[in-house]
Amino acid sequence: MNIKRPLSLGLVIGLLTMAFAALPALASAAELTDSAGVPVEPGATVSGTSTNAITETQFGPLECEHVEVHGIVEVNSGGKVEVAMDEEGGDSASGCTFMGGPAVVEPTLNSINLSGSSGTASFQFVVNGFPESSISSVIWSGSATSIHVEGPVGGTIPGEFSGDFALFDASGEPLTLHE
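Read on for an overview of the structure. Remember, predicted model here, so these are calculated numbers, not experimental data.

1. Focus on the sheet that holds strand β13 (residues 143-144)
Then, in step 1: Across the sheet, 3 strands lie side by side as β1-β16-β13; this open sheet has antiparallel pairing. Among the strands making up the open sheet, the edge pair consists of β1 (31-33) and β13.
Then, in step 2: Two elements, β1 and strand β16 (residues 176-178), share 3 bridges in a ladder whose sense is antiparallel. Each residue of the ladder has a partner; that of Glu 31, found in β16, is His 178.

And the structure:
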């Protein structure tokens, strides 16, 4: 019996299996583009706007009618999108309620790191003077003009944050995130 033939056939099958397994990973790469499909350049200002941001706490929900955060694109290539805090600020929240009354919420986006169709968002916010923070998961599917953010909130009023954020460029034009 010739052992070379089964060994070489096994090696070829193994290499093909590895190659096909790698294809989804190669095809699954995050990229942020403008409405014409052009990748957003590093240094560009982007914003995320939510009309359904909510943090469930033991004291009841903290809800905001409108949340807007801003960042600067640092990386938008190689299957990665990284956005850092915009030092100019401009992050805001309005129409917020907590424990049956109005709440003053001051959000700050720290960073967003994405690859494939998921990633993380790190942010802080002050609620009626109490500091909170979260490192939340970010997910989307296909080509999306909004991302879903959810995760634990730690601080004085711990809870669970969730919200959908539509993405825009500095002139207010929608951006698309591709997986």
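2. Looking at the pairing of strand β11 (residues 118-127)
The side chains of a regular strand alternate between the sheet's two faces.
Then, in step 1: Across 10 bridges, strand β10 (residues 105-115) lies against β11 in antiparallel orientation. By the bridge assignment for β11, Ser 115 is matched with Ser 118.
Then, in step 2: Joining the antiparallel neighbours β10 and β11 is a turn of 2 residues, in which Gly 116 adopts a positive phi near 65°.
Then, in step 3: As paired strands, β11 and strand β12 (residues 130-139) are joined by 10 bridges and run antiparallel to one another. Counted as the bridge partner of Gln 124 is Ser 133 from β12.

3. Points about the environment of Gly 151
Then, in step 1: Take Gly 151: it is sitting in strand β14 (residues 146-155).
Then, in step 2: Those residues in contact with Gly 151, other than ones at most four positions away along the chain, are Ser 134, Ser 136, Gly 159, Glu 160 and Phe 161.

4. Things to note about the state of the cysteines
Then, in step 1: The full count for this structure, using the stated rule, is 1 disulfide.
Then, in step 2: Between the sulfur atoms of Cys 64 and its disulfide partner Cys 96 the distance amounts to 2.1 Å. As the torsion about the S-S bond is roughly 110°, the Cys 64-Cys 96 disulfide counts as right-handed. Here Cys 64 is found in strand β4 (residues 60-64), whereas its partner Cys 96 is found in the loop between β7 (92-94) and β8 (97-98), with 32 residues between them in sequence.

What counts, and at which threshold
Position numbers for residues count from 1 along each chain, tracking the sequence in the order it is written. Only residues with pLDDT of at least 70 get local features here, since the model is predicted, and only at 80 or more are side-chain atom pairs given and counted; chain-wide, interface and lining totals rely on the full set of residues. By convention in this description, side-chain values take in all heavy atoms of the structure and omit both hydrogens and water. DSSP bridges decide pairing: two strands pair if at least two such bridges lie between them. Secondary structure is summarised from DSSP: a helix means a run of H or I of at least four residues, a strand means a run of E of at least two, and numbering begins at the N terminus for each. Any two residues whose heavy atoms approach within 4.5 Å are treated as being in contact. Criterion for a disulfide: a pair of cysteine sulfur atoms within 2.5 Å.

On their own, these measurements won't tell you what the molecule is for.
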